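Chain by chain, the residues:
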Amino acid sequence: MDSGDEPETPEQQGRKKRCHRHTPKQIQELEAMFKVCPHPDEKQRMQLSRDLGLEARQIKFWFQNRRTQMKSQHERAGNCALRAENDKIRCENIAMKEALKNAICPSCGGPPTNEDSYVDEQKLRMENARLKDELDRVSSFASKYLGRPVTQLPSVQPMAMSSLDLSMGGYSNPGPSSSLDLDLLSGGSSTVMPFPFSAAVSEIEKPLMVDLATRAMEELIRLVQTDEPLWVKVGHDGREVLHLETYERIFPRPGHQFKYADLHTEASRDSTVVIMNSIALVDMFIDASKWAELFPTIVSKTKTIEVLSTGIAGSKNGTLILMYEELQVLSPVIPTREFCFLRYCHQIQQGLWAIVDVSVDHHRENQLASRSRRLPSGCLIQDMPNGYSKITWVEHVEIDKKNQTHQLYRNLVDSGMAFGAQRWLSTLQRMCERFACLTVAGISSRDLGGVIPGPDGKRSMMKLAQRMANNFCASITASNNHGHKWTNPSGLTDVGVRLTIYRSSGPASLPTGLILGAATSIWLPVPSQRVFSFLKDEKTRAEEVVRITNGSHPGNCISLLRALNPAQSNMLILQESCIDASGSLVVYASIDLPSLNDVMSGEDPSKIPLLPSGFAVLPDGQPMGGGASTSSNPMGVASGSLVTVLFQLLASSSPSAKLDIESVTTVTQLISTTVQQMKAALNCPGI
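The written sequence of each chain sets the order in which its residues are numbered from 1. A pLDDT threshold of at least 70 governs which residues receive local features in this predicted model, and a stricter bar of 80 or more applies before side-chain atom pairs are shown or counted, although totals over entire chains, interfaces and linings include all residues. The side-chain values count all of the structure's non-hydrogen atoms but skip hydrogen atoms and water molecules.

A. Up close: the overall build of the chain. Secondary structure is summarised from DSSP: a helix means a run of H or I of at least four residues, a strand means a run of E of at least two, and numbering begins at the N terminus for each. Regarding its fold elements, the chain presents 16 helices and 20 strands. Counting across all 687 residues of the chain, residues that qualify as buried make up 50%. Here, residues are in contact when the closest pair of their heavy atoms is within 4.5 Å. Considering only intrachain contacts with a sequence separation of at least 6, the fraction spanning at least 24 residues in the chain is 69%. Surface accessibility of the chain: about 32,600 Å² in total, with carbon and sulfur atoms responsible for 54%. Buried, partly exposed and exposed residues are distinguished by accessible area as a fraction of the type maximum, computed with a 1.4 Å probe on protein chains only: under 20%, between the cut-offs, and over 50%, respectively. Note that accessible areas follow from Shrake-Rupley with a 1.4 Å probe, and for residues the cover is restricted to the protein chains shown.

Here is the structure:
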């Protein structure tokens, strides 16, 4: 409150009502008045009260709070400038001290005689005392706004350690890596090699990262709470995308006019309700391993570089983490996206959380290969009754377009649907339903003949199926950091059949030996829902023994299938199918009866070897004629489907074996035959 405003009387304080949110229109009018006159008189406040339908005291309090907020912003900016000047002066001080230590006499080559050394030493002591007082003042000032103490800087810090570039861009190419990543191929997507970052964050960088995360959180909350004209609806499905001119006017960034010409902006917003409470969601978001498990079809690799803050008083509120992630579309022809970013978690009030991500350049011996960066993005999580949460998601990135998108996926990627907010929330909604089914103690009514004896067997089966699906997603990615690289023998002008070879030496969840993978991506003029229904139809190739439901959609289920071929009587097929608004999967793998019996009895399924194959189906991003959402097309925006087929086979049980041409011929013919049969069954053989 300003010093010129009159204090409230006890009678006024007693009449205080519970605070409520102003409407966007009221806030817009108040902000416009504030720009013209930050200190309105009583007559102006009464006029605003009549125009906006608010009490005069509400108008008064709003302007008092707005002036306090503006004052805080100015003080925070001054705080940053003081810290930067403090760092500069202290580093210069260190450099001068080192220069004095190494100085030599030009005539004799020995240490110089300095008659004023005592005076110089006293000056340095006085300068150090002044700097310490300045630092204490800045730290106290910053802690006032952060709500917790700021870590003091060390007394001596080598200049080489201050390597943080807050421009959030300008990564260089780390070059190719030749190491195999068997951990990732076995499903451990949160502990993979090679990894671009290893060095710890210096103490000088930490306060700067805290300030960056705090400003990003403020921007995210405004992005979530502001509607038109900042967000506009586009397309037949009414997706919300950011109006870039309005955004740049509200959130100006220094030097933005000098950004790279080949950077493309993607920004979208969406909201939904999921069956998981806010505390559980926050816990999964700030744990890299759980984050990857929550989004296996999007996050191909993730790692926590360093935990900068563990939160306030043992809670997740105030948690700040430096993370790395690699994002994918399920096709070997789409380049992955890499980000090094800060993730900051803030509890706004009871049952309301905000989590923000913002890219940061953490320059070390290895760098990201692209200039892509994540601008303030994240979500607002609000608790709802019965364990549900409402989530509003903002996805805002600048993407380096030097890697051209294949023509099949160009519409999907360029429209922002491939990595947009709608895909994140559709996946999150489906996975939350899956986790809810995992905790249900009952057995599905489709459990024919009592094959699964109890809840433990059901949970083991669901965990095994999830690991199989995760391995499938990790194997199909276009990343070069997963220990295997896709090659295209048929040339670069067509998708064709792409091959990869990698070795599994065990003990792991993959079979031991030389593994050959083959994949292709095709376009079909058929809605994605119809393609999914055809692929998951077990009756065309096997007899269903068990079905476990793991979602509200009837297509989200786990099945045990008995092959129609009598020669495979000692084997069953484990299949998981899943579908949401962003796409679908049908993944399967053979499993022998002894291993299956262990799973049924509730044993740990992590060591059972599986080699998954299957299909990934995505909408093609083309607008459909009618523009309406139908049961055969849940997104209502796609006229066709993009289908990726992946087959993997054990070419040899010896990891040191060499690949023979017969294995390559077998897997490529299998791919070709499957594609032709699919086209014929869906009445599009000429495509």
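Structure shown, so let's carry the discussion forward.
B. Looking closely at the packing of aromatic side chains. The rule is short: rings of Phe, Tyr and Trp, with Trp giving its six-membered ring, pair when the centres are within 6.5 Å, and they are stacked under 30 degrees, edge-to-face over 60, tilted in between. Tallied over the entire structure, the rule returns 13 aromatic pairs. Between Trp291 and Trp424, the aromatic rings sit 5.6 Å apart at their centres with planes inclined by 25°, giving stacked as the arrangement. Linking Trp291 in helix α10 (residues 288-294) with Trp424 in helix α12 (residues 421-439), this pair joins segments that are 133 residues apart in sequence. Comparing Trp291 with Trp424 shows no difference in burial state: the two are buried. With centroids separated by 5.9 Å and ring planes inclined at 65°, the aromatic side chains of Phe295 and Trp393 adopt a geometry described as edge-to-face. In this pair, Phe295 sits in the loop between α10 and β5 (299-310) while Trp393 sits in strand β12 (residues 389-400), placing the two residues 98 residues apart along the sequence.

C. Looking closely at the pattern of salt bridges. Each reported salt bridge corresponds to a side-chain nitrogen of Lys or Arg within 4 Å of a carboxyl oxygen of Asp or Glu. Overall, the coordinates contain 18 salt bridges when judged by the stated rule. Of the charged contacts, one joins Arg343 and Asp357 as a salt bridge, the two residues approaching to 2.7 Å between their closest N and O atoms. Here Arg343, found in strand β7 (residues 337-349), pairs with Asp357, found in strand β8 (residues 352-359); they are 14 residues apart in sequence, far enough to count as distant. The same class applies to Arg343 and to Asp357, which are both buried. With a shortest N-O distance of 2.7 Å, Arg459 and Asp456 are connected by a salt bridge. Of the two residues, Arg459 and Asp456 are both situated in helix α13 (residues 455-476); the distance of three residues between them amounts to about one turn of the helix.

D. Summary view of the nonpolar core. Only buried Ala, Val, Leu, Ile, Met, Phe, Trp, Tyr and Cys residues count toward a nonpolar core, and they belong to the same one when joined by side-chain atoms within 4.5 Å. In terms of nonpolar packing, the biggest core is built from 45 residues, with Leu281, Phe285, Phe295, Ile391, Trp393, Tyr409 and Leu428 touching the most fellow members. In terms of residue count, the dominant contributor to this core is α12 (seven residues). Excluding residues within four positions of it along the chain, Phe295 makes contact with Trp393, Trp424, Thr427 and Leu428.

E. How the structure looks around a nonpolar patch on the surface. Patches here are clusters of residues that have more than 30% relative accessible area and form no salt bridge, with a 9 Å joining cutoff for like charges and a 5 Å cutoff for nonpolar side chains (Val, Leu, Ile, Met, Phe, Trp, Tyr). On the surface, Val273, Ile275, Met384 and Tyr388 cluster together into a nonpolar patch covering about 290 Å² of accessible area. A relative accessible area of 36% places Met384 in the partly exposed class.

F. Focus on the packing of α13 against helix α15 (residues 593-600). Every axis in this analysis is a line fitted to C-alpha atoms, fitted for helices over the stretch in contact. Angles between the N-to-C directions lie between 0 and 180 degrees. Look at α13 against α15: their axes get within 7 Å of each other, and the N-to-C directions meet at 125°. With respect to α15, the axis of α13 lies oblique. Contact residues: Gly457, Ser460, Met461 and Leu464 in α13; Leu596, Val599 and Met600 in α15. The residue inventory of the contact of α13 with α15, partitioned by class, reads five nonpolar, two polar and no charged. Note that the term roughly parallel is reserved for angles under 35 degrees, roughly antiparallel for angles over 145, roughly perpendicular for angles of 65 to 115, and oblique for everything else. Under the scheme applied here, ten amino acids are nonpolar (Ala, Val, Leu, Ile, Met, Phe, Trp, Tyr, Cys and Pro), four are charged (Asp, Glu, Lys and Arg), and all others, including Gly, are polar.

G. Region of interest: the sheet that holds strand β20 (residues 641-652). Note on pairing: DSSP must find at least two bridges between two strands before they are called paired. If you trace the eight strands from one edge of the open sheet to the other, you get β13-β14-β20-β19-β18-β17-β16-β15, paired in antiparallel fashion. Looking at strand neighbours, the two that pair on one side only are β13 (498-504) and β15 (542-549), the edges of this open sheet. Neighbouring strand axes in the sheet, compared pairwise and without regard to direction, differ in orientation by 20° on average. Inspection of the sheet shows strand β17 (residues 571-580) paired to strand β18 (residues 583-592) by 10 bridges, in the antiparallel sense. Residue pairing across strands places Leu572 opposite Ile591, the latter belonging to β18. Seen against the sheet, α15 touches β16 (557-563), β17 and β18 and runs at an angle of roughly 115° to β18.

H. Structural context of the pairing of β7. In this sheet, β7 lies alongside strand β6 (residues 319-327) in antiparallel orientation, the contact comprising eight bridges. By the bridge assignment, Leu327 is partnered in β7 with Arg337. In the sheet, β7 pairs with β8 via eight bridges, with the strands oriented antiparallel. By the bridge assignment for β8, Tyr344 is matched with Val356. Turn length for the β7-β8 hairpin, with the two strands adjacent in sequence and antiparallel, is two residues, and the turn residue Gly351 shows positive phi of about 80°.

I. Representation of unusual backbone geometry in the model. Here the amide bond leading from Glu228 into Pro229 is cis, since omega sits at 5°, within 30 degrees of zero. With respect to the secondary-structure elements, Pro229 resides in the loop between α7 (205-225) and β2 (231-234). Non-glycine residue Ala313 carries a positive phi angle of around 55°. Positionally, Ala313 belongs in the loop between β5 and β6. Positive phi outside glycine occurs at Asn386, with the angle close to 65°. Within the secondary structure, Asn386 is located in the loop between β11 (377-383) and β12. Its relative accessible area of 73% is what places Asn386 among the exposed residues.

J. Region of interest: the pairing of strand β14 (residues 513-524). Where burial is concerned, most of β14 is hidden: 11 out of the 12 residues are buried. Summarising the sheet, β13 and β14 pair through seven bridges and their orientation is antiparallel. Considered in β14, the bridge of Ser504 is made with Gly513. Pairing analysis gives 11 bridges linking β14 to β20, with the strands arranged antiparallel. When the sheet's bridge partners are listed, Ser521 is paired in β20 with Thr644.

K. Quick peek at helix α16 (residues 661-681). Compared with the 30 Å implied by 1.5 Å per residue over 21 residues, the 30 Å span of α16 between its first and last C-alpha is a close match. Within α16 the residues assigned to the buried category are Ser663, Val664, Val667, Ile671, Thr674, Val675, Met678 and Lys679. Projection of α16 onto a plane perpendicular to its axis shows the buried side chains occupying an angular sector of 135°, all on one side. Across α16 from its buried face, at more than 90 degrees, point the exposed residues Ile661, Glu662 and Gln677. Buried residues along α16 sit in contact with β13, β14, α14 (528-536), β19 (613-619) and β20. Of the residues flanking the start of α16, the one acting as N-cap is Asp660, its side-chain oxygen 3.2 Å from the backbone nitrogen of Glu662. Count one or two residues on from α16 and you reach Asn683, which has phi positive near 60°. The span you would expect from a helix comes to 1.5 Å times its residue count less one. Note that the arc is computed from the directions linking the helix axis to the C-beta atoms. A 3.5 Å cut-off defines polar contacts: any pair of N or O atoms within that distance qualifies, except that in protein one atom must be a possible hydrogen donor and the other a possible acceptor, and neighbouring residues in sequence count only when both atoms are side-chain atoms.

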